[in-house]
Amino acid sequence: MSNLYNVSSTPHIRGKMSTQLIMLIVVISLLPACGFGVYNFGLRALFVLLFSVASCVLSEYVFNLITKRPNSISDLSAVVTGLLLGMNLPSSVPYFVPVLGGFFAIIVVKMLFGGLGQNFMNPALGARCFLLISFPKLMTDFVYNGASGATPLAQVKNGGCPDLHKMIIGNIPGTIGETSMIAIVLGACIMIMFGIIDLTISGTYIVSFGIFLLAFAGKGFDYTFLCYHLAGGGLMLGAFFMATDYVTRPYTKKGQVIYGIFLGFLTAIFRVFSPSAEGVSYAIIIGNLIVPLIDRITVPKPFGCEKTKKEGAK
Amino acid sequence: MGRNTFKGGIHPYDGKDLSKDKPIESFKPGKLLYYPLSQHIGAPAKAIVNKDDRVLRGQMIAEAGGFVSAPIYASVSGVIKGIEKHRVVSGDMVDCIVLENDEKYEEAEPINTAKLEDMSRDDIIGVVGKAGIIGMGGAGFPTHVKLSPKDSDAIEYVIVNCAECEPYLTSDYRKMLEEPDKLIKGLSIEVSLFKNAKGILAVEDNKMDCVELITEKAKEYSNIEVLPLKTKYPQGSERQLIYACTKRKINSKMLPADAGCVVNNVDTVISIYKAVVEGKPLMDRIVTVTGDAINNPKNFEVPVGTIYSELLEAAGGFKTEPKKVISGGPMMGMALFTLDVPVTKASSALLCMTKDDVSEFKQTQCINCGRCAQVCPSRLLPGFVADYADAYDEEMFLKYGGLECVECGSCSYVCPARKHLAQSIKSMRKIQLAKKKK
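Residues numbered from 1 in each chain as written. Chains lettered and ligands numbered in written order. Predicted model: local features only at pLDDT ≥ 70, side-chain atom pairs only at ≥ 80, totals over all residues.

**Digging into the overall build of chain A**
Helices and strands together make up the secondary structure of chain A, namely 15 helices and two strands. A compact globule built from 314 residues would reach a C-alpha radius of gyration of about 20 Å, and chain A, at 21 Å, matches this within 12%. Each principal axis of the C-alpha distribution contributes one length, and for chain A these read about 80 × 50 × 35 Å. In chain A, buried positions account for 49% of the 314 residues. (Helix = DSSP H or I, 4+ residues; strand = E, 2+ residues; numbered from the N terminus. Rg over C-alpha atoms; globule rule 2.2 N^0.38 Å. Buried ≥ 20, exposed ≤ 12 C-beta atoms within 10 Å, placed from the backbone.)

Right, dumping it as structure tokens:
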């Protein structure tokens, strides 16, 4: 035999979807919200985003270089983390904040635990909470149209009545990527279209949040109050882009429903009972921590073994 | 659209257009034919011929080595050259009877001359066993064993697996189109073996022309039904097929008979007809020679024992040098490193591809996307199961249902991290099954 052919175990063909392609679609889905953020807050928002992305990608590159691991930045996951982190920052932060945040997200939360797929916490949110605790002033200083102001959600907390239309379109103060409900939902539609995410987590999260919120607030069914909370703050961004992060969400559909309800429960508690108006980031981070437990209790019964439960246990 | 199916599964590029419109051509083999003694599941057959014996086409050259075994017949007339080690599809060197073709194609006496009406249930099963008929979909389980369950009255469905869900394969499709009468007659013989049974021809709905044709032909049989199924891989996997047809579920510890079912491949059913009615043992089978590296993809009726490289020449040779050559379909077939191996009763295709996805893509880390769990027809969590297999954690592997895997490969197909999930799980399953046997 002059030449031998390749051999391998089955199957011999593979699907089109790759990690890189998934991340690329996520990046594209984030662009409407980013674009709106830049339009809303001006060029400074763009620089915050760029610094954040650059810091994430560079951190991963240098970490791989130092630890002599194969270079992994081409999977684009660092770009996604960078964008998400930038979108979670106010446009007015000094540039060292996104740089430091990117470093923390990639090195501490992701790479030290083994890189992509091994982190137990969403890197962007981990970094955001780190920054929020370290620089509370900078991180809650929302400049909009040249003036610092309270976010609509904070206004609601203090009994104010912001304009609901503006909240849905996004012409409000807030972090760069969270203000426009429309842009976020548009991005989510792109992801759903390509089969990147489905509505299991986002849907149960948002619905259960609404129910728990009304229950805890004790105002009865107050429609405008509910709408303020759905459109305001980081709920939409969190529900569609961060709670759905593959690495830090449960594996099975059943687990994802439990996870979504748990997130809704926590977010409602934080928003109603905590002095700060926001709660999505903390809720998702705490949710991340119980994911391994959820995975353990939601292992499905294999096909054909459902009824023979007792026999199988012996 | 409301068609019966199962949960999970994938939709790979099916490539059937390459060969689906090519009528079956009869193939005349070359000088030497090789008959591996073990072409089926169970005990290997025992050779009953000696060197320099002259045999005829349709003469038994190896007898069954036990109840779960099948005899082997010469597919051409010629002279036995001896028993030699020769390479087979799996890559092993195994004992093969070598037959030199004299190209006269003299036929031996039929193995059955009794009229169907006069034959008892045991007579029919006896002929099926004698004809060396095995599951021709790939597994190669002796058919007469399937037809003799413990309680034959408990069998309610005889299902013919016409799904052909493997991409590229068109052998069953051509067989259905060209010999529908034999298929349906064969099924009615099978159904007659079981008092309470009815026949189901389960066809994927990408072959609606077949569905129409055989529905028309099956009209006169009140106990035979044609059931179109949703086109999805692995629709033709036995457990998934039974579920799609009857909504009954079986697991790895059960046989189809436990759910009141007998499942056979199209070619197997036609072979039953040929054995019982025409007295012909299993000597030939349909092999699809296809793939983007092939000049002229075709469906051949090939005498068992033919060397693959001869089929390649008959299909016009390579258009471009292939990267990967597979015996069977791309999802579950065996990759060949050489074409110097014989066609067996269970070979369904020679697939030559210019691209090898497996060597092209690099494995990366799992990102926990859950796609493998979504497509797994056995409803496992392949990501976890494969991890336990890699870590050789037997306890957790079994706990997470590793033995329930049907080895369809859907998980590896969808994995965006290109992990070899099916490979890990398959290797561990083999170890565990071997341990169980002890």
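**Some remarks on the overall build of chain B**
Looking only at helices and strands, one finds 14 helices and 17 strands in chain B. Scaling as 2.2 N^0.38, a compact globule of 438 residues should have a C-alpha radius of gyration of about 22 Å, and chain B matches this with 21 Å. Looking at chain B as a whole, 58% of its 438 residues are labelled buried. Counted over contacts in chain B with a minimum sequence separation of 6, partners at least 24 positions apart contribute 72%. (Contact = placed C-beta atoms within 7 Å.)

**Topic: the pairing of strand β7 (residues 78–87) of chain B**
Within a regular strand, the side chains alternate between the two sheet faces. All names here are of chain B. Strand direction decides the pairing type here: strand β4 (residues 54–55) and β7, joined by two bridges, are antiparallel. In the strand pairing of β7, Arg54 is matched with Val79. Bridge count between β7 and strand β8 (residues 93–101): nine bridges; the pairing is antiparallel. Considered in β8, the bridge of His86 is made with Val94. Count of turn residues in the β7/β8 antiparallel hairpin: five residues, of which Gly91 carries a positive phi of about 100°. (Pairing = 2+ DSSP bridges.)

**Side note on unusual backbone geometry**
Phi is mostly negative for residues that are not glycine, and the peptide bonds are mostly trans. Here the bond from A:Thr10 into A:Pro11 is cis, since omega is -10°, no more than 30 degrees from zero. Mapped onto the fold, A:Pro11 is located in the segment before α1 (19–41). Along the chain, B:Tyr233 connects to B:Pro234 via a cis peptide bond; the corresponding omega equals -5°. Checked against the element boundaries, B:Pro234 lands in the loop between β11 (224–229) and α6 (238–246). Phi is positive for B:Glu164, which is not a glycine, with a value near 45°. Looking at the element boundaries, B:Glu164 is found in the loop between β9 (157–162) and α3 (171–178). The class of B:Glu164 is buried, set by 31 C-beta atoms lying within 10 Å. For B:Arg379, which is not glycine, the phi dihedral falls at a positive 55°. Mapping B:Arg379 onto the fold places it in the loop between α10 (371–375) and α11 (382–390).

**Let's talk about the interface of chain B and chain A**
Between chain B and chain A, the contact holds 50 residues from the first and 33 residues from the second. Put simply, the parts of the chain that give the side of chain B that touches chain A at least two residues each are β15 (324–327), β16 (334–336), α9 (357–360), α13 (410–414) and α14 (421–437) of chain B. Looking at the side of chain B that touches chain A residue by residue, the class counts come to 26 nonpolar, 14 polar and 10 charged. (Nonpolar A, V, L, I, M, F, W, Y, C, P; charged D, E, K, R; others polar.)

**Observations regarding the packing of α1(A) against helix α3 (residues 77–87) of chain A**
Residues and elements named next belong to chain A. Close contact between α1 and α3 brings their axes to 10 Å; oriented N to C, the two are set at 20°. With respect to each other, α1 and α3 are oriented roughly parallel. When the axes of α1 and α3 are compared, the crossing they make is left-handed. For the pair α1 and α3, the contacting residues are Met23, Val26, Val27, Leu30, Ala33, Cys34 and Gly37 in the first and Ser77, Val79, Val80, Leu83 and Met87 in the second. Here the residues of the contact of α1 with α3 are counted per class, giving 10 nonpolar, two polar and no charged. (Axes fitted to C-alpha atoms, helices over the stretch in contact; angles between N-to-C directions. Parallel < 35°, antiparallel > 145°, perpendicular 65-115°, else oblique. Left-handed = near helix turned anticlockwise from the far one by under 90°.)

**Quick look at the packing of α3(B) against helix α5 (residues 208–218) of chain B**
Residue and element names in this part refer to chain B. Their axes nearest at 9 Å, the elements α3 and α5 cross at an angle of 35°. The handedness of the crossing between α3 and α5 is left-handed. Only Cys210, Leu213 and Ile214 of α5 make contact with α3, whose side of the interface consists of Tyr173, Met176 and Leu177. Class assignment of the residues belonging to the contact of α3 with α5 gives a composition of six nonpolar, no polar and no charged.

**Concerning the environment of B:Lys31**
All names here are of chain B. Mapped onto the elements, Lys31 comes out in the loop between β1 (24–26) and β2 (32–36). Lys31 sits 275 residues away from Thr306 along the chain, and the two C-alpha atoms are 9.2 Å apart. Lys31 has contacts with Glu100 and Asn101, leaving out every residue within four places of it along the chain.

**Focus: the nonpolar core**
General note: in soluble globular proteins, nonpolar side chains tend to be found buried as a group. Counting residues in each nonpolar core, the largest one holds 144 residues, and the members touching the most others are B:Ile159, B:Leu201, B:Ala202, B:Leu311 and B:Val385. For this core, the leading source of residues is helix α7 (residues 266–278) of chain B, giving seven residues. Beyond its immediate chain neighbours, meaning those up to four positions away, B:Val385 contacts B:Leu380, B:Phe397, B:Tyr400, B:Gly402 and B:Ile425. Among the nonpolar cores identified, the runner-up in size contains 66 residues, and A:Ala33, A:Ala283, A:Ile284 and A:Ile285 belong to it. (Core = buried A, V, L, I, M, F, W, Y, C linked by C-beta atoms within 7 Å.)

**Comments concerning α3(B)**
In terms of burial, α3(B) is largely enclosed, as six of its eight residues are buried. Taken as a whole, α3(B) has its buried residues at B:Ser171, B:Asp172, B:Tyr173, B:Arg174, B:Lys175 and B:Met176.

**A look at the domain arrangement of chain B**
Residue and element names in this part refer to chain B. When cut into domains, chain B gives domain 1 (30–110 + 282–353), domain 2 (134–278) and domain 3 (371–437). Once you take the C-alpha centre of each, domain 1 and domain 2 turn out to be 24 Å apart. Contact with domain 1, which involves 27 residues of that partner, is made by 20 residues of domain 2. Contributions of two or more residues to the side of domain 1 that touches domain 2 are made by β13 (284–290) and β17 (349–353). If one sorts the elements of the side of domain 1 that touches domain 2 by residue count, β13 sits on top with five residues. Grouping the constituent residues of the side of domain 1 that touches domain 2 by class yields 14 nonpolar, 11 polar and two charged. (Domains from an automatic or database assignment.)

**With respect to the sheet that holds strand β3 (residues 46–47) of chain B**
Residue and element names in this part refer to chain B. Pairing within the open sheet is antiparallel, and its three strands lie in the order β3-β5-β6. The open sheet is flanked by β3 and β6 (72–73), the only strands paired with a single partner. Here strand β5 (residues 60–63) pairs with β6 via two bridges, running antiparallel. Note on β6: the bridge partner recorded for Ala62 is Ile72.

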